[in-house]
2 protein chains.
Amino acid sequence: MSKSFGDMPKEEFKKYGHALIDWIADYLDNIETYPVLPDTKPGDIKSTLPQTAPQLSEDLKNIFSDVDKIILPGVTHWQHPNFMAYFNSSASGPGIFGEILSAAFNTNGMVWKSNPASAELEETVLNWFKKMIGLPEEFFGVVYDTASVSTLHGIAAAREYSGLNIRAKGMNGIPKLILYCTEHAHSSIEKAVITLGIGMENIHRIPVDENFSMIPAKLEKAISEDRAKGYVPFCVVATIGTTSSTAIDPVDEIADICEREKIWFHLDAAYAGVTAILPEMKKYFKGFERADSFVVNPHKWLFVPIDFSILYTRKPDVLKKAFSLVPEYLKTAEDNTAINYMDYGIQLGRRFRALKFWFVLRYFGVEGLQERLRGHLQLAQQFSEWIDKHEMFERLAPVYFGTICFRAKPNGITDENKLNELNEKLLNTVNSTGKVFLVHTKLNGKFTIRLVVSGLRTEEKHVMLAWEIIRGELAKLCK
Amino acid sequence: MSKSFGDMPKEEFKKYGHALIDWIADYLDNIETYPVLPDTKPGDIKSTLPQTAPQLSEDLKNIFSDVDKIILPGVTHWQHPNFMAYFNSSASGPGIFGEILSAAFNTNGMVWKSNPASAELEETVLNWFKKMIGLPEEFFGVVYDTASVSTLHGIAAAREYSGLNIRAKGMNGIPKLILYCTEHAHSSIEKAVITLGIGMENIHRIPVDENFSMIPAKLEKAISEDRAKGYVPFCVVATIGTTSSTAIDPVDEIADICEREKIWFHLDAAYAGVTAILPEMKKYFKGFERADSFVVNPHKWLFVPIDFSILYTRKPDVLKKAFSLVPEYLKTAEDNTAINYMDYGIQLGRRFRALKFWFVLRYFGVEGLQERLRGHLQLAQQFSEWIDKHEMFERLAPVYFGTICFRAKPNGITDENKLNELNEKLLNTVNSTGKVFLVHTKLNGKFTIRLVVSGLRTEEKHVMLAWEIIRGELAKLCK
């Protein structure tokens, strides 16, 4: 292979490949020396990059040097142990290895034949994980890129399940379809509802209790009122671990209602679902096996590099009926004897994603993963206790998983606007230290700081450091 | 970092990382020693894998050994130079490096702040590529995973452009929306139409000429008839390089109609779009800058590992209006001064994909990429000439790009059913040699063999080998 035609020469690949591996090993080893959030303003990075692609081939040496000079200073370090924002996702070594292998094979597993190993490994690891979290045998899993896309497919299956022949006829001649969830459901539900042509107005928000959990009686009432109006209730979305506060909807009671009303029950556990591998956490998943579709993201809190989201469904035939389409050029002799994953979704192209999950499950083992999740849950409880015991802070939601919602509430300040201003300032000053990264939400109108413990490299000292910085910055603000 | 808590130790990462790089270098170097298609039956691979995940941590040595023993024999080798099926995609060394780096950073670029480098590099490389293919400045690009998803977003923008407030109200009270394309448009158009709630029946298929290109007068007629019925024509989808035969719709004339009729014009060039970097190919892209949205996949034929599909649009505001939703926990101080790519689509999660494209563009340079595409186009022309000159074969479509549609037509056989049977047999025997992988399509009812030249490692000798095998197998069948 010469550089003038074909791929990179083998020796160059090895030389720079080794250098890249060493670079990554050092990067991860020194990750704490970087500011979590980069000190960069919009436009800074692009202004240092050329306006056009290079006409001639450049040396890898220059490209890697620009990674150090231009890219690295502009990266938000998700792998940093004090990245405690959003739902932190961290990629483990074995997960990175799986991803590397997948890039090297570069297969597109749209049908079984286009990569049998991809189809069968996907089926296998999804069955493994199903057993780990305790979903019954009947559930069928599909890997998608993101929870947004898994959710879209779950709700699309719900729409298909309504039996209105929307696939062929479209939505324009049918009654209003109504979807139910709380105001705490993830924004991807709204995006799915927009995409599927259901319309944002046809999301009916069910009130929540003081823990931000759906009130089942209110759901029942809403369904009955909508039926009376001639609308078609077609989907209830509940969440185990909402994004704002990690609230848990009463899944078992909602399942009763959905069964009785014959409505598709979609359950979003994109973040918290992985904790079902712990026996002591099963209490939060009561009834989850009654969902028609269930989303869980190993890329969020199980050390698999993004992207890797799973949709499990008890009714794969409905999903297939919604999406299966086989053009002539994709027909194969194995269409009736093998799984062609393209039948279960919008995306025809499918990377060999199962590899990275397989690597992670085997490298850590079930117990290794349980141990790590338990560590995070304990750290979160510890932080939560610190908040509860401190007179200048208050906790704003129960801590079920690894996320703590809190705010500063120094003595003497009772005005809610002032508290909101103070906490927004506090968050900004904490983040501008570069030592920790947190984000906020609003709960009952209160500006709420969220701290998430789910990084693979996050240890007690990192949570202590965060706490120290938060208290220190508050002290400065209150001076 | 200990194995009992946290990630893989640094030294282990380096040791096995180097081994993995060497493994990949050898794999790619020896790729021709593997059968293109694996000799495996449905169930073979999964039956050799355990039924449950390991309870305890396993050695990387064992995992890598299973890659050799279990995975490798079941992989369809997309990187093989005689993989000439579908639209072959091959990953280059620099592309793989970019992917590796992206897995190591493991960032989620949903908003600018969550990784400024990702947002700004994406904007930069998409601007570079826009100039390379000759799209005007006004086009705005977004990277999605697959062409199916890019197309879905293009058609969703078209739906939004109809001004019927579908985002809020849904589709149930509005007139029928009609989409126009030929029967040769990709299946992802149908999947988008299903997903968006438009309905398969509301795809109106416009007849094609003898080259499988849309006939503009028929489009005009269909639009006017549909308007007369009270329907709303909302989107025309044309293709440069259809999947079956790589036909080219008359883009400029279609653009005239869409402009006059104020209908969104979506242009699918997922496969062939990259050839617009060649001045001599510009003739096939006349008027493409008049499309409202345009799909092109660097992961198909520009040596970027899958997944990497670009949607360019002249009307980014429409796309944003369709999808933008900002929950409290995703609000940032830079919302008005930076691009938050989550605003332009369904997916919230976004890998740092720009890196791999940046690596490929710089490593090869524009001229290096042009040279490789020219090489493929020449090889395709060469194969096409062999077909044309051989009395026992016939070409079934023009060869504009790297794809040749042909069939065997030995003297004496005129019955179409017999020809179909013969060619199906021929394809199967050719593929079962393991030396080359081709797929078929149907054109005017004729079983058509497709041979695609777009692999980075594909040289003249590989096309000659394919030709030799095809003729050899035909000779055996005709004995």
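Scroll up for the structure.
All residue numbers refer to positions counted from 1 along the written sequence of the respective chain. Lettering of chains starts at A and numbering of ligands starts at 1, both following the order in which they are written. Local features are withheld for residues below a pLDDT of 70 in this predicted model, meaning they are given only at 70 or higher, and side-chain atom pairs are given and counted only at 80 or more; totals for whole chains, interfaces and linings count all residues.

> Outline the overall build of chain A, listing residues and values.
Working definition: helices are DSSP H or I runs of at least four residues, strands are E runs of at least two. Numbering for both runs from the N terminus. A count of helices and strands for chain A gives 15 helices and eleven strands. Since a compact globule built from 479 residues should have a radius of gyration of about 23 Å, the 24 Å found for chain A is in line with a globular shape. With the principal axes as the frame, chain A shows a C-alpha extent of 75 × 60 × 45 Å. Per-residue burial over chain A gives 59% buried out of 479 residues. By the convention adopted here, residues are in contact when the distance between their C-beta atoms, placed from the backbone, does not exceed 7 Å. In chain A, of all internal contacts separated by at least 6 residues, the share reaching a separation of at least 24 is 73%. The reference for a compact globule is 2.2 Å times residues^0.38; the radius of gyration itself is calculated from the C-alpha atoms. Each residue is classified by how many other C-beta atoms fall within 10 Å of its C-beta atom, where C-beta atoms are placed from the backbone; a count of 20 or more means buried, 12 or fewer means exposed, and values in between mean partly exposed.

> Outline the packing of helix α4 (residues 93–105) of chain A against helix α1 (residues 10–29) of chain B, listing residues and values.
Working convention: axes come from line fits to C-alpha atoms, limited for helices to the stretch in contact. Angles between N-to-C directions cover 0 to 180 degrees. Their axes nearest at 11 Å, the elements α4(A) and α1(B) cross at an angle of 10 degrees. The orientation of α4(A) with respect to α1(B), classified from their angle, is roughly parallel. For the pair formed by α4(A) and α1(B), the contact residues are A:Gly93, A:Phe97, A:Ile100, A:Leu101 and A:Ala104 on the first element and B:Phe13, B:Tyr16, B:Leu20, B:Ile24 and B:Tyr27 on the second. Classification convention: Asp, Glu, Lys, Arg as charged; Ala, Val, Leu, Ile, Met, Phe, Trp, Tyr, Cys, Pro as nonpolar; all other residues, Gly among them, as polar. Of the residues assigned to the contact of α4(A) with α1(B), the class counts are nine nonpolar, one polar and no charged. Any angle between 65 and 115 degrees counts as roughly perpendicular, while under 35 counts as roughly parallel, over 145 as roughly antiparallel, and the rest as oblique.

> Lay out unusual backbone geometry with the relevant residues and their values.
Residues and elements named next belong to chain A. Going from Ile306 to Asp307, the amide bond is cis rather than trans, its omega being 15 degrees. Take Asp307: it is sitting in the loop between α11 (298–301) and β7 (309–313). One non-glycine residue, Asn106, adopts positive backbone phi at about 50 degrees. Note that Asn106 resides in the loop between α4 and α5 (116–133). Asn106 gets classed as buried once you count the C-beta atoms within 10 Å, which come to 24. With a phi angle near 65 degrees, Phe212 is a residue other than glycine that sits in the positive phi range. Relative to the helices and strands, Phe212 resides in the loop between β3 (203–205) and α9 (216–228). Here Phe212 falls in the buried class, since 23 other C-beta atoms lie within 10 Å of it.

> How would you summarise the relation of the copies chain B and chain A if you had to cite specific residues and measurements?
Look at the two chain copies: a rotation about an axis and a shift along it is all it takes to match them. The operation relating chain B to chain A is a screw motion whose rotation component is 180 degrees, with 0.0 Å of axial translation and a residual RMSD of 0.0 Å. Taken together, the rotation and translation describe the operation of a two-fold axis. Among all residues of chain B, the minimum C-alpha distance to the rotation axis is found for B:Asn172, at 2.0 Å. The residues that chain B uses at the interface reappear at the interface of chain A in 100% of cases, marking a shared surface. For this overlay, a least-squares fit was computed on C-alpha atoms, restricted to residues scoring pLDDT of at least 70 in both copies.

> Just give me the short version of helix α13 (residues 354–389) of chain A, but keep the residues and values in it.
The span expected for a helix works out to 1.5 Å for each residue beyond the first. The terminal C-alpha atoms of α13(A), which comprises 36 residues, lie only 44 Å apart, well short of the 52 Å expected from a rise of 1.5 Å per residue. A:Gly365 marks the point of greatest bend in α13(A), at about 85 degrees. To obtain the bend at a residue, axes are fitted to the seven residues ending there and to the seven starting there, and the angle between these axes is taken.

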